[in-house]
Amino acid sequence: MAGNEIIKVDRLTARIDNQLILSDVSFHASAGDVTVILGSSGSGKTTLLKHLLGLYPSDKNAISVLGKNPWHLPQNEEKAFYSRLGVLYQNGALLNSLTVGENLALPLQQHTDIKGGLIEKAVRLKLQMVNMQEAYNKYPSQLSGGMLKRAALARAIIMDPQVLFCDEPGAGLDPVSLSALDELILHLQKLLGMTVVMVTHEVPSIMRTADKIVFLRNGKLTFEGTVREGIESGNTYVREFFDRAKGN
Ligand SMILES: Nc1ncnc2c1ncn2[C@@H]1O[C@H](COP(=O)(O)OP(=O)(O)O)[C@@H](O)[C@H]1O
Ligand SMILES: [Mg+2]
């Protein structure tokens, strides 16, 4: 499916409280790819992701996600549009007062007409996809860090989204759990035919998953291409980023 631009950003500039946060950012993400947005802390990665999700205003032509700018969606299209997107946030954030099963059922109860028994089936299927069948009746406080991430991932894909957005999904995980989470995301990407847009600064994760990297520095796009192209390019910032991780 390469070449099919499912996300396009065209000269996006963003200010928050009159402070320039993103400046003239342009890139695209192809359907079926894992596109990784990287850059050091404060470079604007999360802000960019929030723009893609329509949480901040943008000029109509500056952003296209599945052919629409989410900020400019008519209200009657919002439900259908957002049901095609899944989001996995940094802290996972399941509701602590609900079981894992209830947490996963929530989006289905709120956004679909699916009823009781079928909801449980859908929830159990997604838990099975992330190897968490046994967690259906457990509360988030009863799960380890890696299990919480997997449960949050199951919730993010509960509606079979076309695009999965992840913001630092591996934050706080040990290297083994991080690697397992990456493998799981790649497995689900193939299984569900998803496009993935992932913010991360974990180099091992980037090496494992990225079809393409989009490198931000101080709110500006400094490189767009494959990891290999980035390392081989003369771009000092990209080279430094990967060299630092190798310990050079
Ligand atoms: N709601 C906000 N209000 C003010 N400044 C913000 C807000 N969100 C982000 N920023 C600023 O924008 C810059 C980019 O932040 P962010 O997108 O969170 O970076 P990253 O995710 O790459 O670490 C930072 O300087 C941050 O302080
Ligand atoms: Mg961030």
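Given the structure is predicted, the values throughout are model-derived calculations rather than measurements.

## Some details on the site of ligand 1
In the vicinity of ligand 1, the residues found are Ile16, Ile21, Ser40, Ser41, Gly42, Ser43, Gly44, Lys45, Thr46, Thr47 and Tyr56. Gly44 places a main-chain nitrogen or oxygen 3.0 Å from an oxygen atom of ligand 1. Within the complex, the protein chains bury 61% of what would otherwise be the 560 Å² of accessible surface of ligand 1. Considering every element that reaches the shell around ligand 1, the biggest residue donor is helix H1 (residues 45-52), with 3 residues.

## Considering the nonpolar core
Counting residues in each nonpolar core, the largest one holds 49 residues, and the members touching the most others are Val123, Leu153, Ile206, Ile213 and Phe242. The two domains that each donate at least three residues to this core are domain 1 (5-84 + 162-246) and domain 2 (96-160). Look past the residues within four positions of Leu153 in its chain and what remains in contact with it is Leu88, Val130, Leu164, Leu181, Leu184, Ile185 and Leu188. Listed in part, the 28 residues of the second largest apolar core include Leu22, Leu52, Val65 and Phe81.

## What about the pattern of salt bridges?
Under the definition given, this model contains 8 salt bridges. Note that Arg124 is salt-bridged to Glu120, the shortest N-O span being 2.8 Å. Here the residue Arg124 and the residue Glu120 both occupy positions in helix H4 (residues 116-129), the gap between them amounting to 4 residues, near one helical turn. Ionic pairing is found between Asp160 and Lys126, a salt bridge with its closest N-O pair at 2.8 Å. Here Asp160 is found in the loop between helix H5 (145-156) and strand S6 (163-167), whereas its partner Lys126 is found in helix H4, with 34 residues between them in sequence. A relative accessible area of 45% means that Asp160 is categorised as partly exposed. The class for Lys126 is buried, based on a relative accessible area of 4%.

Criteria and cut-off values
- Residues numbered from 1 in each chain as written.
- Chains lettered and ligands numbered in written order.
- Predicted model: local features only at pLDDT ≥ 70, side-chain atom pairs only at ≥ 80, totals over all residues.
- Heavy atoms only, no water.
- Near = heavy atom within 4 Å.
- Polar contact = N/O pair within 3.5 Å; in protein donor to acceptor, adjacent residues only side chain to side chain.
- Areas by Shrake-Rupley, 256 points an atom, 1.4 Å probe, with all protein chains shown as cover.
- Helix = DSSP H or I, 4+ residues; strand = E, 2+ residues; numbered from the N terminus.
- Core = buried A, V, L, I, M, F, W, Y, C linked by side-chain atoms within 4.5 Å.
- Buried < 20%, exposed > 50% of the residue type's maximum accessible area, 1.4 Å probe, protein only.
- Domains from an automatic or database assignment.
- Contact = heavy atoms within 4.5 Å.
- Salt bridge = Lys/Arg side-chain N within 4 Å of Asp/Glu carboxyl O.

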